[in-house]
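The lines below spell out each chain.
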Amino acid sequence: MTEKTKKTETRKNDWNSGAALTWVTAQALLDGMFEPVETLLAEAARKAGAKTVLDVGCGTGATTLAIAGALGPDGTCTGIDISEGMITAAEARAREGSENAEFIRADAETHPLPAEHFEMVTSRFGVMFFDDPVRAFANLRGATKNKGHLRCVVWRSPEDNPFMTTAIKAAAPYIPDLPPFDPDAPGQFAFAREDLVRTILEKSGWQAISFTPLDFACEFPTSELEFYFTRLGVVGRMFDQLDAATQATVTAAMHEAFMPFVDGETVRFTAACWDISARA
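Conventions adopted
Residues numbered from 1 in each chain as written. Predicted model: local features only at pLDDT ≥ 70, side-chain atom pairs only at ≥ 80, totals over all residues. Heavy atoms only, no water. Pairing = 2+ DSSP bridges. Helix = DSSP H or I, 4+ residues; strand = E, 2+ residues; numbered from the N terminus. Right-handed = clockwise from strand over helix to strand, strands pointing away. Axes fitted to C-alpha atoms, helices over the stretch in contact; angles between N-to-C directions. Left-handed = near helix turned anticlockwise from the far one by under 90°. Contact = heavy atoms within 4.5 Å. Nonpolar A, V, L, I, M, F, W, Y, C, P; charged D, E, K, R; others polar. Expected span 1.5 Å × (residues − 1). Buried < 20%, exposed > 50% of the residue type's maximum accessible area, 1.4 Å probe, protein only. Arc of directions from axis to C-beta. Parallel < 35°, antiparallel > 145°, perpendicular 65-115°, else oblique. Core = buried A, V, L, I, M, F, W, Y, C linked by side-chain atoms within 4.5 Å. Salt bridge = Lys/Arg side-chain N within 4 Å of Asp/Glu carboxyl O. Disulfide = S-S within 2.5 Å.

Caption draft 1: Just the pairing of strand 5 (residues 144-155), in detail. One ladder, built from six bridges, connects strand 4 (residues 118-124) with strand 5; its direction is parallel. Bridge pairing in strand 5 places F118 opposite T144. With respect to chirality, the unit in which strand 4 leads through helix 7 (residues 133-142) into the neighbouring parallel strand 5 is right-handed. As paired elements, strand 5 and strand 8 (residues 266-279) share seven bridges and run antiparallel to each other. Within the sheet, the bridge partner assigned to C152 lies in strand 8 and is I276.

Caption draft 2: Fine view of the packing of helix 4 (residues 35-48) against helix 5 (residues 62-71). The interhelical angle for the contact between helix 4 and helix 5, taken along N-to-C directions, is 35°, at an axis separation of 8 Å. Remark: the crossing between helix 4 and helix 5 carries right-handed chirality. Contacts between helix 4 and helix 5 involve E38, L41, A42, A45 and R46 from the first element and A62, T63, A66, I67, A70 and L71 from the second. In the contact of helix 4 with helix 5, the residues fall into eight nonpolar, one polar and two charged.

Caption draft 3: Main features of helix 12 (residues 244-257). An ideal rise of 1.5 Å per residue puts 20 Å on 14 residues; helix 12 measures up with 20 Å between its terminal C-alpha atoms. Three or more residues of helix 12 are buried, namely T246, Q247, V250, T251, A253 and M254. Buried residues of helix 12, viewed axially, fall in a sector of 165°; they line one side. Residues of helix 12 that are exposed and angled more than 90 degrees away from the buried face: A244, A245 and E256.

Caption draft 4: Geometry of the packing of helix 8 (residues 162-171) against helix 12. Remark: helix 8 packs on helix 12, axes separated minimally by 9 Å, with the N-to-C direction vectors making an angle of 140°. With respect to helix 12, the axis of helix 8 lies oblique. By crossing handedness, the relation of helix 8 to helix 12 is classed as right-handed. Of the residues in helix 12, those touching helix 8 at T166, A167, A170 and A171 are V250, A253, M254 and A257. Tallied by class, the residues present in the contact of helix 8 with helix 12 amount to seven nonpolar, one polar and no charged.

Caption draft 5: Geometry of the nonpolar core. Judged by nonpolar contacts, the single largest core of 86 residues is most densely connected at F137 and Y228. Non-local contacts of Y228, meaning those with residues more than four positions away in its chain, are made with L29, M33, F163, M164, F220 and F258.

Caption draft 6: Just helix 4, in detail. The terminal C-alpha atoms of helix 4, which comprises 14 residues, lie 20 Å apart, in line with the 20 Å expected from a rise of 1.5 Å per residue. Within helix 4, the full set of buried residues consists of V37, E38, L41, A42, A44 and A45. Seen along its axis, helix 4 keeps its buried residues to an arc of 155°; they face one direction. In the core, the buried residues of helix 4 are packed alongside strand 1 (52-56), helix 5, strand 4, strand 5 and strand 6 (207-221). Taken from the residues just after helix 4, G49 is the one with a positive phi, measuring 70°.

Caption draft 7: Representation of the pattern of salt bridges within the structure. Summed over the entire model, instances satisfying the criterion amount to 11 salt bridges. For D263, the salt bridge is made with R268, and the minimal N-O distance between the two is 3.0 Å. The class of D263 is partly exposed, set by a relative accessible area of 46%. Here the salt bridges share partners, and the residues they tie into one network are D31, R93 and R124.

Caption draft 8: Spotlight on the environment of E102. Looking at the secondary structure, you find E102 in strand 3 (residues 101-105). The exposure class assigned to E102 is partly exposed, which follows from its relative accessible area of 43%. Along the backbone, E102 and C58 are 44 residues apart, and their C-alpha atoms lie at a distance of 11 Å. If we skip the residues at most four places from it in the chain, E102 touches T64, T76, C77, T78 and G79.

Caption draft 9: Region of interest: the state of the cysteines. Within this structure, the stated rule accounts for zero disulfides. Of all cysteine sulfurs in the structure, the one in C77 sits closest to C58, which takes part in no disulfide; the separation is 8.4 Å. For C58, a relative accessible area of 7% puts it in the buried group.

Below you can see the structure in the form of structure tokens.
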């Protein structure tokens, strides 16, 4: 097994582990936080007049369903995600009322997508995890019709997103084996650098590439904060491995660290992202 194959298998396992299934449990929380992105991508698909859209890293399907609704009965939005648990949840949501949304449980980096089929490719925080992003975006380019659109929203830098780094900074003194942050590795902030992402897209065949800063307000109930920092992200993946005393210490430290974002019964923060567009 090559090193690249090992990395791919690790990524697949990560997104199909018990920790990944926590994202299914957190569906309502995350969808509420990121609804502005869902609305933006659905409106972009409607304005483009697209009738076939691919939603990459669709998770539990909120964006796919929103786009499908924006396309109307003559359009179809296909969500693709590597996580079996998330796709199962997405399919269940679609059965409740969306006849023009469909889902594929597969790796968008390597899955044999239909050639020149989609008029638009979208993603809400789903394209930063590829082991070989040039290969992945070339695969997506091959599945896009000539002059078709690419529209992705990704995170800007950790420095631009202090809320997203608060948990790991607060927990680090008490969890010595927290993995070090690697800005060049697949992960949440892997697409923060405009020059790097532009090169990836150019090498994979996309044109007319543009980056627009996108900052939007996020909020969720304060009652959900402890679930957020003990179940999601790097700290969340390790939290259950800690002994009870360390869990209590880490929880207290993170509550204190997140206080600047707590406004009574509501947690509020600003998400700093890139709104990336390109043409096939």
